[in-house]
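# Structural description and commentary
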Amino acid sequence: MEKTIKVIMVEPMKEPYPAEVKNTLEGLQKAVGGYIETVYLEDNVVLICNEEGKLIGLPGNRSFGNDIIAGTFFVAGSNDDGDFMSLTEDKIRQYSDRFQKPEAFTQEQVEDASAIFSLDFRV
């Protein structure tokens, strides 16, 4: 297992940027500011966000399907065993483009969005 992983970090009102995150539970939690929640975007690619982001009033970050992700999140690779891994250069470009444009939301919009845990966008 990699000790640090290359990810795309996405903060509210900022453009995404490549970052390295410690590949431990503590390192992942530190990156999102709390308990982690995973949403599989496709095979071997996972979005990791703060599980309680909406509950604790974190600002809306990006729309995702019918939902809004609250707080900082990042996109990482994963393997068939569910371990997190570095993104490939192609995936870094793909997800940097996908989340390139910062979005602004009211707190009411964030609270009204459907629950993130119900999303699974694997093809």
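Described in the following lines is the structure provided in the data block. (Residues numbered from 1 in each chain as written. Predicted model: local features only at pLDDT ≥ 70, side-chain atom pairs only at ≥ 80, totals over all residues. Heavy atoms only, no water.)

Before going further, it helps to spend a moment on a negative patch on the surface. Together, Asp43, Asp80, Asp81 and Asp83 make up a region of like negative charge exposed at the surface. Among the secondary structure elements, Asp83 is positioned in the loop between β7 (73-78) and β8 (84-85). Its relative accessible area of 31% is what places Asp83 among the partly exposed residues. (Patch = residues over 30% accessible without salt bridge, like charges linked within 9 Å, V, L, I, M, F, W, Y side chains within 5 Å. Areas by Shrake-Rupley, 256 points an atom, 1.4 Å probe, with all protein chains shown as cover. Salt bridge = Lys/Arg side-chain N within 4 Å of Asp/Glu carboxyl O. Lys, Arg positive; Asp, Glu negative; His and termini not counted. Charge placed at Lys NZ, Arg CZ, Asp CG, Glu CD. Helix = DSSP H or I, 4+ residues; strand = E, 2+ residues; numbered from the N terminus. Buried < 20%, exposed > 50% of the residue type's maximum accessible area, 1.4 Å probe, protein only.)

On to the pairing of strand β1 (residues 4-10), then. Sheet faces and side chains relate simply in a regular strand, where the side chains alternate between the two faces. Most of β1 is tucked away: five of the seven residues are buried. Across six bridges, β1 lies against strand β2 (residues 17-22) in antiparallel orientation. Counterpart to Val7 in the pairing with β2 is Ala19. Hairpin geometry of β1 and β2 is characterised by an intervening segment of six residues between the two adjacent antiparallel strands and by a positive phi of about 65° at Met13. Inspection of the sheet shows β1 paired to β7 by three bridges, in the antiparallel sense. Paired with Met9 across the strands is Phe74, a residue of β7. (Pairing = 2+ DSSP bridges.)

On to the side chain of Asp67, then. Its location among the elements puts Asp67 in strand β6 (residues 67-70). Within the structure, the side chain of Asp67 is placed 2.4 Å from the side chain of Lys54, a separation counted as a polar contact. (Polar contact = N/O pair within 3.5 Å; in protein donor to acceptor, adjacent residues only side chain to side chain.)

A few words now on the pattern of salt bridges. By the definition in use, this model includes five salt bridges. The residue Lys91 makes a salt bridge to Glu42 at a minimum N-O spacing of 2.8 Å. Of the two residues, Lys91 is situated in helix α2 (residues 89-98) and Glu42 in strand β3 (residues 36-42); the sequence distance between them amounts to 49 residues. Residue classification places Lys91 among the partly exposed residues on the basis of a relative accessible area of 22%.

A separate point is α2. Within α2 the residues assigned to the buried category are Ile92, Tyr95 and Ser96. Projected onto a plane normal to the axis of α2, the buried residues spread over an arc of 110° and lie on a single side. Away from the buried face of α2 by more than 90 degrees, exposed residues Asp90 and Asp97 are located. On its buried side, α2 packs onto β1, β3, β4 (45-50) and β7. (Arc of directions from axis to C-beta. Contact = heavy atoms within 4.5 Å.)

Tallying each qualifying case throughout the model produces three aromatic pairs. Ring centres of Phe73 and Phe99 lie 5.1 Å apart, and the angle between their planes is 75°; on these two criteria the pair is classed as edge-to-face. Of this pair, Phe73 sits in strand β7 while Phe99 sits in the loop between α2 and α3 (107-112), and the two are 26 residues apart along the sequence. Note on Phe99: relative accessible area 1%, which makes it buried. Seen in terms of ring centroids, Tyr95 and Phe99 are 6.4 Å apart; in terms of plane orientation they differ by 25°. Their pairing is stacked. Joined through ring pairs, the aromatic side chains of Phe64, Phe73, Tyr95 and Phe99 make up one cluster. (Phe/Tyr/Trp six-rings, centres within 6.5 Å; stacked < 30°, edge-to-face > 60°.)

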